[in-house]
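Residues per chain are reported as follows:
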Amino acid sequence: MILALTVCGVVVALVVAGLFLFGLRRRLIQRSGGTFDCSLRWDVAEPPDASGKGWSYGVARYNGDRIEWYRVFSYGFRPRRTLERAAIEVAGRRLPEGEEELALLSDAVVLACTHRGTRLELAMSEDALTGFLAWLEAAPPGQRVNVA
């Protein structure tokens with residue numbers, strides 16, 4: 001009985017510690033500001049798959065002329081993807097379709113882009129999309145920015 005209680009206590013402590021580390025990591029990512037919730041689908045086929053497969057939920061952070069994208073369900077402190085402003089080309093936007101609506105946040109808008117020849121899709125709220133497009137268009141003079 002004591003062994004079972006000890007094992008249960010250790011399991012509960014590990015779950016609490018894991019949740020604490022998730023929260024601490026997100027807090028450290030958001031500390032510098034300029035973050036928004038953003039799902040990402042990398043290397044998208046043409047036409048996009050509406051089954052909802054391939055989407056990863058994450059947090060994006062503006063960092064100078066780059067967007068750093070972090071997976072939510074990860075303990076890593078380094079960004080999973082980094083998108084340079086000059087290399088992002090916006091191809092269009094759309095609303096989630098089919099089962100994709102279940103894989104994304106309820107108010108998400110999907111933005112189709114290319115980055116260095118790789119097709120990708122970003123899903124974010126309308127407010128985050130407005131900020132993202134403004135950030136893209138605010139490139140320093142001399143940089144090429146393609147926004148559809």
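Calculation rules
Residues numbered from 1 in each chain as written. Predicted model: local features only at pLDDT ≥ 70, side-chain atom pairs only at ≥ 80, totals over all residues. Heavy atoms only, no water. Helix = DSSP H or I, 4+ residues; strand = E, 2+ residues; numbered from the N terminus. Rg over C-alpha atoms; globule rule 2.2 N^0.38 Å. Polar contact = N/O pair within 3.5 Å; in protein donor to acceptor, adjacent residues only side chain to side chain. Domains from an automatic or database assignment. Contact = heavy atoms within 4.5 Å. Buried area = accessible area lost by both parts, 1.4 Å probe. Salt bridge = Lys/Arg side-chain N within 4 Å of Asp/Glu carboxyl O.

Where an unreviewed UniProt entry is consulted, the protein appears under the name DUF2550 domain-containing protein, with the organism given as Streptomyces monashensis.

Broken down by element type, the protein carries three helices and eight strands. For the protein, the N- to C-terminal ordering of α and β elements is α-β-β-β-β-β-β-α-β-β-α. Over its C-alpha atoms the protein spans a radius of gyration of 18 Å, topping by over 25% the 15 Å that the globule rule assigns to 148 residues. Its C-alpha atoms put the protein at 70 × 35 × 25 Å along the principal axes.

Looking at the secondary structure, you find glutamate 121 in strand β8 (residues 118-125). A polar contact is formed between the side chain of glutamate 121 and the side chain of arginine 41, at a distance of 2.6 Å. Of the polar contacts made by the side chain of glutamate 121, one reaches the side chain of arginine 94; its length is 3.0 Å.

Here the focus is the domain arrangement of the protein. Each assigned domain of the protein is listed with its residue range as follows: domain 1 (1-31) and domain 2 (33-137). Between the C-alpha centres of domain 1 and domain 2 there is a distance of 30 Å. Listed as interface residues are nine residues of domain 1 and, on the opposing side, 13 residues of domain 2. Of the roughly 1,000 Å² buried between domain 1 and domain 2, counting both surfaces, carbon and sulfur atoms make up 57%. For the interface between domain 1 and domain 2, the tally reads zero salt bridges. Our enumeration of links across domain 1 and domain 2 arrives at zero residue pairs in polar contact (both at pLDDT 80 or more).

A few words on the environment of alanine 128. Along the chain, the position of alanine 128 falls in helix α3 (residues 126-137). Sequence separation between alanine 128 and aspartate 37 is 91 residues, and the spatial gap between their C-alpha atoms is 7.9 Å. Not counting residues within four places of it along the chain, the set of residues in contact with alanine 128 comprises Phe36 and Tyr62.

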